[in-house]
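# Descriptive structure summary
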Amino acid sequence: MKFVLKMPLASQNNKGSCFWCIKAMKWVPVLFIMTIVAWSYYAYVVKLCFLTVDSILSQILYLIFYHLSLSMFLWAYWQTIFTEIGRVPLKYKIPDSDHEQLLRAESPEEQRHILEEFSKNLPNANVNINGAVRYCDKCRCIKPDRAHHCSVCGECVLKMDHHCPWVNNCVSFTNYKFFILFLGYALLYCLYVALTALPYFIAFWNGDLQGIGRFHILFLFFVAVMFGISLISLFCYHCYLVSENRTTLEAFRAPIFRTGEDKHGFSLGRYDNFCEVFGDNPRIWFLPVKSSLGNGIEFPLNLHQQRTYRSMDSTQNRLEANIG
Ligand SMILES: [Zn+2]
Ligand SMILES: [Zn+2]
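Residues numbered from 1 in each chain as written. Chains lettered and ligands numbered in written order. Predicted model: local features only at pLDDT ≥ 70, side-chain atom pairs only at ≥ 80, totals over all residues. Heavy atoms only, no water.

To be explicit about the condition: UniProt positions are given in the numbering used here, feature names are shortened, and annotations may be inferred rather than shown by experiment.
Going by what an unreviewed UniProt entry lists, the protein chain is known as Palmitoyltransferase and is assigned to Henosepilachna vigintioctopunctata. Word for word, the UniProt comment on the protein chain under Catalytic activity (unreviewed entry) is "L-cysteinyl-[protein] + hexadecanoyl-CoA = S-hexadecanoyl-L-cysteinyl-[protein] + CoA". Recorded under Sequence similarities (unreviewed entry), the UniProt text for the protein chain is reproduced unchanged: "Belongs to the DHHC palmitoyltransferase family."

Take a look at the structure:
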């Protein structure tokens, strides 16, 4: 008995140190971004505003709007990084008895039948490429609509968009709004820094800027433009995806319904698509606070697919009545 206990503990310890090593490595891109932001703060506030800008009024205005855009950017970034991923509820997990039955099944048809039986009360509209229930054998669960298995997180994630190393988190149902705001405010930050540094950048090339601090201003402008260019395409792409109610994964492979593949399957019209991510309260649309509609498991479908928020509510009531 002692031997049996010792082995797993030893292997767990080895696995543990390796696990923490990999976990630490995953923070490197986030640290890289934070280092750039910290340096840009020093370059903008100290070198540009305090040591280069002459007028007090300009200094005050520059600093107010700078801190405003930086705060919004960092707030959205924080929320994107530290919001927990949406996890598959317990009712989607295959119990051990059903899983054993699944392993013992003699044909794919039998396996398919077991999964169909298990999922008949689940509100799933999506199927896999063979028209069967979507099943994750790593998590031993039925995948809710729009959920996918993330190999980095090691589990199925609700309405998964993609795994982003720059935020060291999955971009998914729970933080998609925060991710778009992060892109938007980061872009605003870069544009603001680039535009306010532009006159001093020109002065540098005209030889009107003196002192060692002028190189900080030069690089500040370059870095802001470089990040701004890379952010603008990503931000515009995600605005397009929101307007179409599509995730990045769904843009690569359209979701499949019982009726077949349909890339517009979840699209409810541009305004409703926007509200699904940003919520129905305009006052908090642009604040990185939770306001997305729905539960990440069940999504209203377009008119062709016939499922709306109203029909979802009645299904929920029916289920609750049955349980009661
Ligand atoms: Zn999974
Ligand atoms: Zn992930």
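### A word on the coordination of the zinc ion (ligand 1)
Applied cut-off: With water excluded from the atoms, a metal site may look incomplete; its donors are any N, O or S atoms within 2.8 Å, or within 3.2 Å for Na, K and Ca. Square planar and octahedral assignments, for four and six donors respectively, both demand that opposite donors be over 155 degrees apart and that all other angles lie between 65 and 115; tetrahedral needs four donors with all angles between 85 and 135 degrees, and anything else is irregular.
Only C136 (SG), C139 (SG), H149 (ND1) and C156 (SG) from the protein coordinate the zinc ion (ligand 1), and they sit 2.0 to 2.3 Å from it. The site at the zinc ion (ligand 1) holds four donor atoms, and with the angles between them running 102 to 124 degrees, its shape is tetrahedral. Ordering the donors of the zinc ion (ligand 1) by residue number gives the pattern C-x2-C-x9-H-x6-C.

### Section: the coordination of the zinc ion (ligand 2)
Put simply, the rule reads: Using a 1.4 Å probe on the protein chains alone, a residue whose accessible area is under 20% of its type maximum counts as buried, one over 50% counts as exposed, and one in between counts as partly exposed.
Within the protein, C150 (SG), C153 (SG), H163 (ND1) and C170 (SG) serve as the donor atoms for the zinc ion (ligand 2), at 2.1 to 2.3 Å. Here the zinc ion (ligand 2) is ringed by four donor atoms whose angles at the metal span 105 to 115 degrees, and the overall shape comes out tetrahedral. Motif for the zinc ion (ligand 2), donor spacing along one chain: C-x2-C-x9-H-x6-C. The class for C153 is partly exposed, based on a relative accessible area of 26%.

### Digging into the packing of helix α6 (residues 176–205) against helix α7 (residues 213–244)
For any two helices packed against each other, the geometry comes down to the angle between their axes and how far apart the axes lie. We apply this condition: A fitted line through C-alpha atoms serves as each axis, taken over the contacting stretch for helices, and the angle formed by two N-to-C directions is quoted from 0 to 180°. Working definition: helices are DSSP H or I runs of at least four residues, strands are E runs of at least two. Numbering for both runs from the N terminus. The hand of a helix crossing depends on one turn: near helix anticlockwise from the far one by less than a right angle means left-handed, and clockwise means right-handed. Three residue categories are used. Nonpolar comprises Ala, Val, Leu, Ile, Met, Phe, Trp, Tyr, Cys and Pro, charged comprises Asp, Glu, Lys and Arg, and polar comprises the others, including Gly.
Packing of α6 against α7 leaves a shortest axis separation of 7 Å and a crossing angle of 150 degrees. Judged by the twist between their axes, the crossing of α6 over α7 is left-handed. Here the residues of the contact of α6 with α7 are counted per class, giving 30 nonpolar, three polar and one charged.

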